[in-house]
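Listed below, chain by chain, are the residues.
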Amino acid sequence: MPAPLSISFSASGFQATYQLGVAQSMLDLAPLVLQAAPKVMGASAGSLVAAALKFAHFANEVINQKYLATSNGLLRRSLPDDAHIRASGRLAVAMTRIPDGQNTVVSEFTSREDVALLCSCFIPGYHGIQPPSYKGVYYVDGGMSSIQPTHSSPYAHTLTVSPFAGEADICPPDPGSMYVIVMSGIHENNPQPPCPRPENKHANNISVLCLS
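Residues numbered from 1 in each chain as written. Predicted model: local features only at pLDDT ≥ 70, side-chain atom pairs only at ≥ 80, totals over all residues. Heavy atoms only, no water.

Let's shift gears to the side chain of H84. Structurally, H84 is set in helix α6 (residues 83–87). Discounting residues that sit within four places of it in the chain, H84 has contacts with F109, T110, S111, R112 and V115. (Helix = DSSP H or I, 4+ residues; strand = E, 2+ residues; numbered from the N terminus. Contact = heavy atoms within 4.5 Å.)

Put simply, the protein has an average pLDDT of 76, and 68% of its residues get 70 or more. Considering only residues more than four positions removed or in separate chains, one finds that residues 178–212, a stretch of pLDDT under 50, has 37 contacts. (pLDDT = per-residue confidence, 0-100.)

Our next topic: the nonpolar core. Ranked by internal contacts, the top residues of the largest apolar core, which has 34 residues, are I7, F9, V93, M95 and Y134. Among the elements of the structure, β1 (6–9), α1 (16–29), α3 (45–52), α6, β3 (91–97), α7 (117–121) and β7 (158–161) are those that each provide at least two residues to this core. Those residues in contact with I7, other than ones at most four positions away along the chain, are M26, V33, L34, A37, K39, V40, M41, L159 and V161. (Core = buried A, V, L, I, M, F, W, Y, C linked by side-chain atoms within 4.5 Å. Buried < 20%, exposed > 50% of the residue type's maximum accessible area, 1.4 Å probe, protein only.)

With respect to the secondary-structure elements, S8 resides in strand β1. By relative accessible area, which is 0% here, S8 ends up buried. S8 has contacts with M41, Q148, P149, T158, L159, T160 and V161, leaving out every residue within four places of it along the chain. Only 2.5 Å separates the side chain of S8 from the backbone oxygen of P149, close enough to count as a polar contact. (Polar contact = N/O pair within 3.5 Å; in protein donor to acceptor, adjacent residues only side chain to side chain.)

Bringing the pairing of β7 into the picture now. Side chains T158 and T160 project from β7 onto one buried face, and the interleaved L159 and V161 project onto a second face that is buried too. As paired strands, β1 and β7 are joined by four bridges and run parallel to one another. For S8, the partnering residue across the bridge sits in β7 and is T160. (Pairing = 2+ DSSP bridges.)

Given 3.6 residues per turn, any residue in an α-helix points the same way as the ones three and four places further on. With 14 residues, α1 extends 20 Å between its outermost C-alpha atoms, agreeing within 8% with the 20 Å of an ideal straight helix rising 1.5 Å per residue. Along α1, the residues classified as buried are A16, Q19, L20, V22, A23 and M26. Angular distribution of buried residues about the axis of α1 spans 160 degrees; they occupy a single face of the element. Projecting away from the buried face of α1 at angles above 90 degrees are the exposed residues D28 and L29. (Expected span 1.5 Å × (residues − 1). Arc of directions from axis to C-beta.)

This brings us to the state of the cysteines. The full count for this structure, using the stated rule, is zero disulfides. No disulfide involves C119; its sulfur sits 9.5 Å from the nearest other cysteine sulfur, which is in C121. (Disulfide = S-S within 2.5 Å.)

Right under this line is the structure:
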């Protein structure tokens, strides 16, 4: 039997709505995958999506897109009193340590204030000047040091989710190219007349590129 997969939500900014859709689909169509996941991880706005899978009330706040103006007060009002108990060992939050820029992932919390979502989402200048602290150390947005957290889980055992086209397991498809560059002037799916050869005595030594 294959090992259960941890789930990783990448840093995503305002495109976290894509990840919310993925999370809702998992809840509706694959709840056993979520229940079996050793950890649900997230960086930046992805950490809020990961937390939304753990805390139903907080999920409503995220779905209402209040996370776009993340504040300490909002997080404290939204997280349940036992958030640290329910999150410890299951929720992993990625942050960027100040001043060395080291990516740090935490998954053990001793109090509700320790659930380091504010650190993971803090963008200097946008959310303020003074970065938040976790256990006396300052941190900023986790996506600044690693866009896709994997923690201690082997990458092969992590289901990655990203709103950006690329190599994540769940992501939008790459957009098709506007033009197809061919050497012969004829594309098998869209036949076009051959490109005219240049009127030049060295034409046989010239490769002509056509856009079809």
